Number of protein chains: 2
Amino acid sequence: MARTPAPGTRRRILEASAKLFGEQGVRAVGMQQVIDATGVGKSLLYREFASKDELIAAWLRESDAQWWERAEEVTAPHSGDPARQILALMEFFHASVREPDFHGCIYYNTSSEFREPGHPGRQEAKLHLKGLCNWFRDKGVEARAEDPDALADMLMLIVGGTLANGEVLGETGPARMALAATELVLRQYAPNALTTATR
Amino acid sequence: MARTPAPGTRRRILEASAKLFGEQGVRAVGMQQVIDATGVGKSLLYREFASKDELIAAWLRESDAQWWERAEEVTAPHSGDPARQILALMEFFHASVREPDFHGCIYYNTSSEFREPGHPGRQEAKLHLKGLCNWFRDKGVEARAEDPDALADMLMLIVGGTLANGEVLGETGPARMALAATELVLRQYAPNALTTATR
DNA sequence: GTCTATAAAAAGATAGAC
DNA sequence: GTCTATCTTTTTATAGAC
């Protein structure tokens, strides 16, 4: 009880890291900037996170958990209607591109910033994206898709294309087609499920 | 004639930069590494490129020119058949993901590495991607698509999704659907053109 | 426990030697 | 013209003051 740091310390560091890493990119942000933003001492930061790589990994893991919480909120109202849940999640992606401080997907971005095969940034990115792909596949099964894996990969194509193009070209570029593309894919890969979802 | 550097200097610097920036990412590579890889002196490098940003811009511009040369080679054989040209270019993208030293698209990657609005990395990325989008639109017009802009943005979604997912998840992931997705989009947005292309 | 000072290495860029 | 040495800042990380 007495040897652990102040309770809010770790959370504050992660919040500051999320803001800085997300807005400027990971390699663009030094540990000193994280320290300045939190007001925490250098020694304490390195006590919580032994290295920058550990901080990166913790940030991505926490972001993954928080993202799934919001995704649940968006899809829960359409429980039992997998096609509409998929469309709701895709609308959620599209909305993120429209936000003024959108800077791309932290998983695609961070993975591309660290090319070393075993880097935590790559591993967490892979985990997050595979998790999303699995969610799509499960919804595909629920929607009685003939090939749920193909459906899931198609939807991942739309997600990646929406976020990658959104980062460079903004919301008025290819990202604007996210929902239309999703409907097109659903009509092809889960036609029965879609008839109930969109007139 | 006598005050210009050795003729191959600039080209050698650009070739070394292309390899290093492409494989490791731009922020991960220092100017010293470029110097070590070329054998050129530091002063000479800064005579050719006044700053790292200038080197980045020159690298991306040169890569754009070289990319369009190869794209021409791939699409030229199908001149007059825009749907097939689009499919050929998409197959070209898919093939790049399959290459053992694929590290994502240098334009999506570099744009995400430099968030400052006016950064040359962002500007060149925007130019390249808009150029590609325009090429798709022109082919859409040639293919008598009802909405060539929508078709182009749909295809950009597939390109971005293929390259972004390919960087993280490899060729066996969503990238494998690139061609099927293209056919689906063509069938929807340029159905007449496609009948001649795929049985 | 928490912060300040300080490594030690690497970054981008410049000045000067030949 | 070309390379070497240096400058300044910034990076990640550690040791020590309180």
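Numbering of residues begins from 1 in every chain and follows the order in which that chain's sequence is written. As they are written, the chains are lettered A onward and the ligands numbered 1 onward, keeping that order. The predicted origin of the model limits local features to residues at a pLDDT of at least 70 and limits the giving and counting of side-chain atom pairs to 80 or more, whereas totals for whole chains, interfaces and linings rest on all residues. Note that the side-chain values use all heavy atoms of the structure and ignore hydrogens as well as water.

- Per an unreviewed UniProt entry, the recorded name for chain A is TetR/AcrR family transcriptional regulator, and the organism is Streptomyces katrae.

1. Description of unusual backbone geometry
Keep in mind that most residues, glycine aside, have a negative phi and that most peptide bonds are trans.
Here's step 1: Backbone geometry at A:Arg144 places phi at a positive 60°, although glycine is not the residue there.
Here's step 2: Note on conventions: DSSP H or I runs of at least 4 residues are helices, E runs of at least 2 residues are strands, and numbering of each starts at the N terminus. Residue placement: A:Arg144 occurs in the loop between helix H7 (120–142) and helix H8 (148–169).

2. Here we look at the UniProt feature "DNA-binding region" (unreviewed entry) in chain A
Here's step 1: UniProt positions are given in the numbering used here, feature names are shortened, and annotations may be inferred rather than shown by experiment. Residues annotated by UniProt as "DNA-binding region" (unreviewed entry) correspond here to residues 30–49 of chain A.
Here's step 2: A distance of 14 Å separates the end C-alpha atoms of residues 30–49 of chain A, which is 75% helix and 0% strand.

3. As for the packing of aromatic side chains
All names here are of chain A.
Here's step 1: Between the rings of Phe, Tyr and Trp (Trp by its six-membered ring), a pair exists once the centres lie within 6.5 Å; its type follows the angle of the planes, with under 30 degrees stacked, over 60 edge-to-face, and the other angles tilted. With the rule as written, the count across this model stands at 10 aromatic pairs over all chains.
Here's step 2: Ring geometry for Trp67 versus Trp68: centroids 5.0 Å apart, planes at 85°, classification edge-to-face. The pair formed by Trp67 and Trp68 is uniform in burial state, with each residue classed as buried.
Here's step 3: With 5.4 Å between their ring centres and 35° between their planes, Trp67 and Phe93 make a pair best called tilted. One end of the pair, Trp67, is in helix H4 (residues 52–75); the other, Phe93, is in helix H5 (residues 82–98), and 26 residues separate them in sequence. Neither residue differs from the other here; Trp67 and Phe93 are each classed as buried.
Here's step 4: Three or more aromatic residues joined by ring pairs make a cluster, and in this case those are Trp67, Trp68, Phe92 and Phe93. Burial classes: relative accessible area under 20% of the type maximum marks a residue as buried, over 50% as exposed, and values in between as partly exposed (1.4 Å probe, protein chains only).

4. Topic: the relation of the copies chain A and chain B
Here's step 1: The atoms used to superpose the copies are C-alpha atoms, taken from residues with pLDDT of at least 70 in both, and the fit is least squares. When chain A is fitted onto chain B, the two copies agree to an RMSD of 0.0 Å after a turn of 180° and an axial shift of 0.0 Å. Here the two chains are linked by the operation of a two-fold rotation axis. Of every C-alpha in chain A, the one belonging to A:Gly161 sits nearest the axis of rotation, 1.9 Å from it.
Here's step 2: Only heavy atoms matter for contacts: two residues are in contact if any of them lie within 4.5 Å across the pair. Looking at chain A, 100% of its interface residues are interface residues in chain B too, so the copies touch through the same face.

5. Comments concerning the domain arrangement of chain A
All names here are of chain A.
Here's step 1: Domain limits in this description derive from either an automatic procedure or a database domain assignment. Parsing chain A into structural domains produces domain 1 (1–50) and domain 2 (59–197).
Here's step 2: A separation of 29 Å is found between the C-alpha centroids of domain 1 and domain 2.
Here's step 3: Between domain 1 and domain 2, the contact holds eight residues from the first and seven residues from the second.
Here's step 4: Buried area counts how much accessible surface, traced with a 1.4 Å probe, disappears from two parts once they are put together, with both parts' losses summed. Approximately 820 Å² of surface area, both sides summed, lies buried where domain 1 meets domain 2, with 62% of it carried by carbon and sulfur atoms.
Here's step 5: The largest contributions to the domain 1 side of the interface with domain 2 come from Leu14, Val26 and Arg27, which together make up 56% of the buried area.
Here's step 6: By definition here, a salt bridge exists when the distance from a side-chain nitrogen of Lys or Arg to a carboxyl oxygen of Asp or Glu is within 4 Å. At the boundary of domain 1 and domain 2, one finds zero salt bridges.
Here's step 7: As used in this structure description, the phrase polar contact means that two N or O atoms lie within 3.5 Å; if the pair is within protein, one of them must be able to donate a hydrogen and the other to accept it, and residues adjacent in sequence are counted only when both atoms belong to side chains. Across the domain 1-domain 2 interface, the total number found is two residue pairs in polar contact (both at pLDDT 80 or more).
Here's step 8: Partitioned by chemical class, the residues of the side of domain 1 that touches domain 2 number four nonpolar, two polar and two charged. Just so you know the grouping, Ala, Val, Leu, Ile, Met, Phe, Trp, Tyr, Cys and Pro go in nonpolar, Asp, Glu, Lys and Arg go in charged, and all remaining residues, Gly too, go in polar.

6. Brief notes about the pattern of salt bridges
Here's step 1: Taken as a whole and judged by the stated rule, the model has 24 salt bridges over all chains.
Here's step 2: The shortest N-O distance in the salt bridge between A:Lys19 and A:Glu23 comes to 3.0 Å. Of the two residues, A:Lys19 and A:Glu23 are both situated in helix H1 (residues 9–24); the distance of four residues between them amounts to about one turn of the helix.
Here's step 3: A:Lys19 sits in the exposed class, given a relative accessible area of 52%.
Here's step 4: Using a relative accessible area of 27% as the deciding quantity, one classes A:Glu23 as partly exposed.
Here's step 5: The salt bridge involving B:Arg61 is made with B:Glu124; its shortest N-O contact spans 3.1 Å. On the criterion of sequence distance, the pair formed by B:Arg61 in helix H4 (residues 52–75) and B:Glu124 in helix H7 (residues 120–142) is long-range, its members being 63 residues apart.
Here's step 6: Accessibility expressed as a relative area gives 46% for B:Arg61, which makes it partly exposed.
Here's step 7: Judged by its relative accessible area of 12%, B:Glu124 falls in the buried class.
Here's step 8: One network of salt bridges, in which partners are shared, links A:Glu91, A:Arg98 and A:Glu171.

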